Amino acid sequence: ELKVEQNPLFLSMQEGKNYTIYCNYSTTSDRLYWYRQDPGKSLESLFVLLSNGAVKQEGRLMASLDTKARLSTLHITAAVHDLSATYFCAVDSSGVAGGTSYGKLTFGQGTILTVHP
Amino acid sequence: DAMVIQNPRYQVTQFGKPVTLSCSQTLNHNVMYWYQQKSSQAPKLLFHYYDKDFNNEADTPDNFQSRRPNTSFCFLDIRSPGLGDAAMYLCATSIASRRAYEQYFGPGTRLTVT
């Protein structure tokens, strides 16, 4: 059974500081996603990482994937209050039948990020 | 704009009274998913359709059923809701391909069971 573990689960940051959220997973996969969720809202796609060594950046967030270590990171640079939310990583563990992926996601527990002035 | 729509956004049902949640999409994606997300937990996949092929997760209770009458619509039926079924239900879509792409999530339906 695939296990996806995030840490930390709770992160309280000061504005302007940097920090990294880690996502470890237990089985081979080269498809990993990061999502953001605001309270009471749905999931917003942040990054799609589809190969070993993939690095993507959007604003103050940067995500990377190391498939050999089964590790993805979400790095926050110079945090601002608007980044306060829950961040989930999700690993695609679907088999590839006939060359087609079905996109079966297993989510990490989520990291609740709070950015303080 | 192409999107994933869920109705209703909020649903209150009584214990044991069947309820249906709906999802529609204008993205023309061939895969549709239903997730259950309980308070302060991660989303959990219940089942998904690849075109008309239904794929149930092994631990999805029999109380949960789904229908996909056409590409655009997918329904989640809860036959006899219990208090433990109160949750946010998220519908998502994607394109099945050799290189998977991100799933597009609808706004969710928050189900309350009284």
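1. A closer look at unusual backbone geometry
Phase 1: Here the bond from N7 of chain A into P8 of chain A is cis, since omega is 0°, no more than 30 degrees from zero.
Phase 2: Note that P8 of chain A resides in the loop between β1 (4–7) and β2 (10–14).
Phase 3: Put simply, N7 of chain B and P8 of chain B share a cis peptide bond, and its omega is -10°.
Phase 4: By secondary structure assignment, the location of P8 of chain B is in the loop between β1 (4–7) and β2 (10–13).

2. Some remarks on a nonpolar patch on the surface
Residues and elements named next belong to chain A.
Phase 1: On the surface, L9, F10 and I112 cluster together to form a nonpolar patch covering roughly 290 Å² of accessible area.
Phase 2: Residue placement: L9 occurs in the loop between β1 and β2.
Phase 3: Residue class for L9 comes out partly exposed when judged on its relative accessible area of 35%.

3. Quick notes on the packing of aromatic side chains
Phase 1: On inspection of all chains with the given rule, the structure shows eleven aromatic pairs over all chains.
Phase 2: Judged by centre distance (5.3 Å) and plane angle (85°), the ring pair of Y35 of chain A and F105 of chain B falls under edge-to-face. Note that Y35 of chain A is positioned in strand β4 (residues 32–37) and F105 of chain B in strand β10 (residues 104–105), a pairing that runs across two chains. By the burial criterion, Y35 of chain A is buried, and F105 of chain B matches it.
Phase 3: For the pair F107 of chain A and F105 of chain B, a centre-to-centre distance of 6.5 Å together with 70° between the ring planes defines the contact as edge-to-face. One end of the pair, F107 of chain A, is in strand β12 (residues 105–107); the other, F105 of chain B, is in strand β10, on a second chain.

4. Describing the side chain of H29 of chain B
Phase 1: Here H29 of chain B is to be found in the loop between β3 (19–25) and β4 (31–37).
Phase 2: Beyond its immediate chain neighbours, meaning those up to four positions away, H29 of chain B contacts R68, T71, T93, S94, I95 and Y104 of chain B.

5. Section: the pattern of salt bridges
Phase 1: The full count for this structure, using the stated rule, is five salt bridges over all chains.
Phase 2: Note that D92 of chain A and R31 of chain A form a salt bridge whose closest N and O atoms lie 2.9 Å from each other. Pair noted here: D92 of chain A is in strand β9 (residues 85–92) and R31 of chain A is in the loop between β3 (19–25) and β4, with a separation of 61 residues, a long-range link.
Phase 3: The closest approach of N and O atoms between D59 of chain B and K44 of chain B, which form a salt bridge, is 3.1 Å. Here D59 of chain B is found in the loop between β6 (53–56) and β7 (64–67), whereas its partner K44 of chain B is found in strand β5 (residues 44–50), with 15 residues between them in sequence.

6. Let's talk about the interface of chain B and chain A
Phase 1: The partner chain A presents 26 residues to the 25 residues of chain B that form the contact.
Phase 2: For the pair chain B and chain A, the two sides together bury roughly 2000 Å², of which 54% comes from carbon and sulfur.
Phase 3: At the boundary of chain B with chain A, the tally comes to one salt bridge.
Phase 4: Note that K104 of chain A is salt-bridged to E57 of chain B, the shortest N-O span being 2.9 Å.
Phase 5: Where chain B touches chain A, the interface holds four residue pairs in polar contact (both at pLDDT 80 or more).
Phase 6: For the side of chain B that touches chain A, the elements supplying multiple residues, two or more each, are β4, β5 and β9 (87–94) of chain B.
Phase 7: Take the side of chain B that touches chain A: its biggest share by element is four residues, from β4 of chain B.
Phase 8: Looking at the side of chain B that touches chain A residue by residue, the class counts come to 14 nonpolar, six polar and five charged.

Analysis parameters
- Along each chain, numbering runs from 1 in the same order as the chain's sequence is written.
- Lettering of chains starts at A and numbering of ligands starts at 1, both following the order in which they are written.
- Totals for whole chains, interfaces and linings use all residues, but because this is a predicted model, local features are given only for residues with pLDDT of at least 70 and pairs of side-chain atoms are given and counted only at 80 or more.
- Only hydrogens and water are removed before side-chain values are computed, so all heavy atoms of the structure are retained for them.
- Comment: elements are numbered from the N terminus, with helices defined as DSSP H or I runs of at least four residues and strands as E runs of at least two.
- To count toward a patch, a residue needs a relative accessible area over 30% and no salt bridge; like charges are then connected within 9 Å, while nonpolar side chains (Val, Leu, Ile, Met, Phe, Trp, Tyr) are connected within 5 Å.
- Accessible surface area values rest on a Shrake-Rupley calculation with a 1.4 Å probe, where residue burial reflects the displayed protein chains alone.
- Throughout this description, the term salt bridge denotes a Lys or Arg side-chain nitrogen within 4 Å of a carboxyl oxygen of Asp or Glu.
- For every residue, the accessible area (1.4 Å probe, protein chains only) is compared with the maximum for its type, and the residue is labelled buried under 20%, exposed over 50%, or partly exposed between those bounds.
- Working definition: a ring pair exists when centres of Phe, Tyr or Trp rings (six-membered ring for Trp) sit within 6.5 Å. Plane angles under 30 degrees give stacked, over 60 give edge-to-face, the rest tilted.
- For this analysis, residues touch if any pair of their heavy atoms sits within 4.5 Å.
- Note on terms: buried area is the combined drop in 1.4 Å-probe accessible area of two parts once they are placed together, counting the loss on both.
- We call two N or O atoms a polar contact when they sit within 3.5 Å, provided that within protein one can donate a hydrogen and the other can accept it, with sequence-adjacent residues counted only if both atoms are side-chain atoms.
- When residues are sorted by character, Ala, Val, Leu, Ile, Met, Phe, Trp, Tyr, Cys and Pro go into the nonpolar class, Asp, Glu, Lys and Arg into the charged class, and all the rest, Gly among them, into the polar class.

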